[in-house]
Structure formats: structure tokens, C-alpha cells
Amino acid sequence: MNTTCCNLPRWLLAGLLALLVAACDPQNISELEEGLSTEADVRERFGAPEAVWDGPDGAQVYEYNRQPAGHTNYMITIGPDGKMTALRQVLNPRTFAQVQPGMMMEEVRRLLGKPMKITTYDLKQETHYDWRYLDGPNESDSKVFTVIFTPDLRVVSTLSVRDPDLDRSR
């Protein structure tokens, strides 16, 4: 038996799935409360994290990535007592401002989550990490934040531009 979805390219199916998951985020977030919700509550609503980072004072930070199709990445902190202590959407200008020249790639990755795209420019001896985010309430406010790294993966600079995908769909 052949179904239509099986004939779709894998990248399209992955993008549709990411959009579906992101659409559930507001409901899942509204069901969690800092200081009361547990690690089990977080995993029940968000599933397995993309990555788990060591946080301060024995906490763990769970990364829930919505790239490349989405505009958000969540960092959810679970305290040593197993309770959620913070839930933050990190793709925003306030967090971007924390990215400074000289930072190592892993520090940036822990701060912003997995990027939507990584591009290496051999001739320039640069690697660009890109994150899609919203700089306003509408899809037309989509932008791309780029961190430019040296060959040893230290931050050189950052920039934000209008999301090129907005112009491709015209």
C-alpha cells in the first residue's frame, strides 16, 4: 500500500514534524510551573531533550531544539531536587547579546542550542552557525542570527539579517 506521505522528501517530512511539535509548545509550556513541575513532567510534555548540559549547583539544563523549521530553542533547567527551576526560549536579542568575541563554540551551543545550519567557508577560514528566530510577532519578522567562528571555533563576530527564506517564497 502506497501513501502520499511516503512519497514526500524526508527533509519535508522532518520540517512538517518540527512545525507540528512547535505548535504544541505553548500548550506544553502552560502546563509546566517553575518550582512545582518535575523532570518527569517536562519529559512527558517535551520528550527526550536534544542535549543535556551540566548547570550550576548540580542542576541539569535540557535543550529542546526547534530548528531548522522553527524559530525557538528552549532551555529547561532541572534542579538537583528534580524540579523545574527555569524554562527559557533562548533565541532572542537578549541572549544573542551574551555571545562575545573569543567565546568557544561549545559555550555558544550551550547558550543558544543546536543551530539550524552550519556552513564552512574554507577560503575565508570561517565557520558560520545560523539560528532562525522571530524579531516580532509575525512570520514576516523572521530573521537569522549568525555567529562567525575562526578555524579553532572561537567567536569572531555576530550578525542578524532578514530570513532569506522570506524572499525565496515570493
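For clarity, every value in this text was computed on a predicted model and none was experimentally measured.

1. Some remarks on the overall build of the chain
When helices and strands are counted, the chain shows five helices and eight strands. Along the chain, helices (α) and strands (β) appear in the sequence α-α-β-β-β-β-α-α-β-β-β-β-α when read from the amino end. Per-residue burial for the chain yields a buried fraction of 38% across its 170 residues.

2. Brief notes about the sheet that holds strand S2 (residues 60-65)
A sheet is described by the order of its strands in space; here four strands give the open sequence S1-S2-S3-S4, paired in antiparallel fashion. The open sheet has two free edges, formed respectively by strand S1 (51-54) and strand S4 (84-89), since each of these has just one partner strand. Each neighbouring strand pair of the sheet contributes to a mean axis angle of 20 degrees, computed without reference to strand direction. Looking at chain direction, S1 and S2 are connected through four bridges and run antiparallel. In the sheet register, Ala-51 faces S2, and the bridge partner there is Glu-63. The strands touched by helix H2 (residues 39-46) within the sheet are S2, strand S3 (73-78) and S4, with S2 carrying the most contacts at an inclination of about 10 degrees. Strand contacts of helix H4 (residues 105-112): S1, S2 and S3, with the helix running at about 90 degrees to S3, the strand carrying the most contacts.

Basis of the calculations
- Residues numbered from 1 in each chain as written.
- Predicted model: local features only at pLDDT ≥ 70, side-chain atom pairs only at ≥ 80, totals over all residues.
- Heavy atoms only, no water.
- Helix = DSSP H or I, 4+ residues; strand = E, 2+ residues; numbered from the N terminus.
- Buried < 20%, exposed > 50% of the residue type's maximum accessible area, 1.4 Å probe, protein only.
- Pairing = 2+ DSSP bridges.
- Axes fitted to C-alpha atoms, helices over the stretch in contact; angles between N-to-C directions.
- Contact = heavy atoms within 4.5 Å.

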